[in-house]
Amino acid sequence: MVFVRFSFLIIFLLLGQLTILAQQKPNFILIVADDLGFGDLSINGSAQIKTPHIDELAQTGIRFTEGYVSSPVCSPSRAGLLTGINQVRFGHDNNIGGNQLGFDPEFLGLPLTEKTIADHLKKLGYINGLIGKWHLGDAPHFHPLKRGFDEFWGYTGGGHDYFRSEPDGKGYLSPIECNYKTPEPITYITDDVGNESVGFIKKNKAQPFFLYAAFNAPHTPMQATDEDLALYDFIEDEKRRTYAAMVHRLDVNVGKIIAAVKEEGLAENTLIVFISDNGGPVDSNASINAPFNGQKGILLEGGIHVPFIFNWQGKLPEGVTFDYPVTSLDILPTFLGLAGGKSDKELDGVDLLPHLLKENSTIPHQDLKWRFTISAAIREGNWKLVRLPDRLPMLFDLSKDVSEQKDVSLYHLGKTKELLKKLGAW
Ligand code: CA
């Protein structure tokens, strides 16, 4: 009898240990806005658009003032984000085109040689969900469910209509795919992505999870609800008014995700990350990248310097800024470090946690490099060199000229040559 009781006690203690071990692996929520202007969050100075929920993430977390993505357009940015490797290294330099001459559709997607965050985390016992936009290949072999994700609600293309999807629709009207239920007609897609994300959190709260909430907003088409448009009726320009309403709805749904994490008691075990996949395309969606010059598709700051926030209640510093350059490529190694895993490939990103907890006093990156179609750029310290094919290289001193207005390449020829050489070697 004593022995039986003792055995029960041992089993009970072991189960307790296992539960604690399982709980120790943190959850990851990666929220990605699409084509958001840097200056369009109230935390970044917008007096026109109110974003209290995204602001809350920053105010109770870490705001990276020098946060970059690895590409100024959607697909390559996501290829880098999800692999931790600069996508230029595996030839994913540009958006996925259609079936253009010379391109084999078999290869229009994230190369199968690369592992995603979801592939890595799956091996560590995580359940992974993608809600929203994929944009890393339409062919069946590129499908998110074949790239480490267990659950998928969304579309594989680069954008979607906000109000409509059709059973035989193509492009922005493509049907919504889902592997865990029959998708209902979309209401307003930003709300749907928010609601499905909340559903994923509630459903999978008992085990470590990775949620990739890839919102469409505020990417084109410019579509908002009448209710949200009414909130911004003081904005005269119709496109800007629609954009403001779309960002508002994005913020409301980020708020839903934060609330679900709190309600489920997961706040102290969940790292929430918020970024935009690239800067705002000023002309097409009326976004504002202030104080930066340039926009989506350009390697000036406006194309690649994005809102970048980490939030983890009780585990990371609250309401502080981190002022050294970081990149979206750092997200994968940071997640893997926390989950107790390691990549078998050389990564370009670094685990940011030691830097954030001040265990490592060095800066995360000596330099950052970009290549996009025929342009390239490098940032080293406060120097940034931008190389375009139709003019001499431009050098900016970001410590004095964050808006990249004054090319000082001829005043600092030595630095210009040095950076040009580094970029060329890369
Ligand atoms: Ca984008």
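Located above this text is the structure these notes cover.
Please read these numbers as outputs of a predicted model, since none were measured by experiment. (Residues numbered from 1 in each chain as written. Predicted model: local features only at pLDDT ≥ 70, side-chain atom pairs only at ≥ 80, totals over all residues. Heavy atoms only, no water.)

Asks: Just to check I follow, could you spell out helix α10 (residues 331-339) for this structure?
Replies: Each full turn of the α-helix corresponds to 3.6 residues, which orients residues three or four apart in the same direction. Within α10, eight of the nine residues are buried, which leaves it mostly tucked inside the rest of the structure. Positive backbone phi, approximately 85°, marks Gly340, located one or two places after α10. (Buried < 20%, exposed > 50% of the residue type's maximum accessible area, 1.4 Å probe, protein only. Helix = DSSP H or I, 4+ residues; strand = E, 2+ residues; numbered from the N terminus.)

Asks: Is there a simple way to explain the coordination of the calcium ion in this structure?
Replies: Think of it this way: four donors in a tetrahedron around the metal ideally sit 109.5 degrees apart, and six in an octahedron ideally sit 90 or 180 degrees apart. Donor atoms from the polypeptide that bind the calcium ion are Asp34 (OD), Asp35 (OD), Cys74 (SG), Asp277 (OD), Asp277 (OD) and Asn278 (OD1), placed at 2.2 to 2.6 Å. Here the calcium ion is ringed by six donor atoms whose angles at the metal span 53 to 157°, and the overall shape comes out irregular. Considered as a linear motif, the donors of the calcium ion on their single chain read D-D-x38-C-x202-D-N. Residue Asp35 is located in the loop between β1 (27-33) and α2 (52-59), and its partner Cys74 is located in helix α3 (residues 74-83); the two are separated by 39 residues in the primary sequence. As far as the burial class goes, Asp35 and Cys74 line up, both buried. (Donors = N, O, S within 2.8 Å, 3.2 Å for Na, K, Ca; no water. Tetrahedral: all angles 85-135°; square planar, octahedral: opposite > 155°, others 65-115°.)

Asks: Would you mind showing me how to read the nonpolar core here?
Replies: Generally speaking, a soluble globular protein has its nonpolar side chains buried in company with each other. Within the largest apolar cluster, 57 residues are counted, with the highest numbers of intra-cluster contacts made by Phe210, Tyr212, Phe310 and Ile331. The contacts of Ile331, once residues within four sequence positions are left out, are Leu30, Leu81, Ile117, Val273, Ile275, Phe308 and Phe310. Leu36, Ile54, Tyr232 and Ile258 belong to the second largest nonpolar core, which has 47 residues in total. (Core = buried A, V, L, I, M, F, W, Y, C linked by side-chain atoms within 4.5 Å. Contact = heavy atoms within 4.5 Å.)

Asks: Even after reading the chapter, I still don't get the pairing of β1, so can you show me in this structure?
Replies: Every regular strand shows the same layout, with side chains that alternate between the two sheet faces. Buried residues dominate β1, accounting for seven of its seven residues. Residues Asn27, Ile29, Ile31 and Ala33 point to one face of β1 and Phe28, Leu30 and Val32 to the other, with burial holding for every one of them. Pairing of β1 with strand β8 (residues 270-276), which is carried by seven bridges, proceeds in the parallel orientation. By the bridge assignment for β8, Leu30 is matched with Val273. Pairing of β1 with strand β7 (residues 209-214), which is carried by five bridges, proceeds in the parallel orientation. In the strand pairing of β7, Ile31 is matched with Ala213. (Pairing = 2+ DSSP bridges.)

Asks: How do you make sense of the sheet that holds strand β12 (residues 367-372) when you look at a structure like this?
Replies: In sheet architecture, strand pairing relies on hydrogen bonds along the backbone and comes in two forms, parallel and antiparallel. Taken together, the four strands give an open sheet; going across it, the order is β12-β13-β14-β15, and neighbouring strands pair in antiparallel fashion. The strands lining the two open edges of the sheet, one partner per strand, are β12 and β15 (394-397). Taking the axes of each pair of neighbouring strands and ignoring which way they run, one obtains an average angle of 15° across the sheet. As defined by bridge partners, β12 adjoins strand β13 (residues 375-380) across six bridges and the pair is classed as antiparallel. Opposite Lys369, over in β13, you have Ile378 as the bridge partner. (Axes fitted to C-alpha atoms, helices over the stretch in contact; angles between N-to-C directions.)

Asks: Please clarify how the sheet that holds strand β4 (residues 127-133) should be interpreted in this entry.
Replies: With respect to topology, nine strands assemble into an open sheet ordered β6-β5-β4-β7-β1-β8-β9-β2-β10, the strand pairing being mixed. The sheet terminates laterally at β6 (177-178) and β10 (320-322), the two strands that pair on one side only. Bridge count between strand β2 (residues 62-64) and β10: three bridges; the pairing is parallel. Of the residues in β10, the one forming a bridge with Arg63 is Thr321.

Asks: Quick question: what am I supposed to make of the packing of aromatic side chains here?
Replies: The geometry of two aromatic rings is summed up by the distance between their centres and the angle between their planes. One pass over the structure, following the stated rule, counts 17 aromatic pairs. Between the aromatic rings of Phe200 and Phe209, the centroid separation amounts to 5.8 Å while the plane-to-plane angle is 90°, which identifies the pairing as edge-to-face. In this structure Phe209 comes out as buried when scored by relative accessible area, which is 0%. Both rings, one in Phe322 and one in Tyr324, keep their centres 5.8 Å apart while their planes meet at 70°; by these two values the pair is edge-to-face. Residue Phe322 is classed as buried on the basis of its relative accessible area, which comes to 9%. Residue classification places Tyr324 among the partly exposed residues on the basis of a relative accessible area of 45%. Among the aromatic residues, those joined into a ring-pair cluster are Phe28, Tyr126, Trp134, Phe149, Phe210, Tyr212 and Phe335. Residue placement shows Lys203 over the ring face of Tyr180; its charged tip is 4.0 Å from the ring centre. The positively charged end of Lys406 is found above the aromatic ring belonging to Tyr411, 5.3 Å away from the centroid. (Phe/Tyr/Trp six-rings, centres within 6.5 Å; stacked < 30°, edge-to-face > 60°. Lys NZ or Arg CZ within 6 Å of the ring centre and 35° of its normal.)

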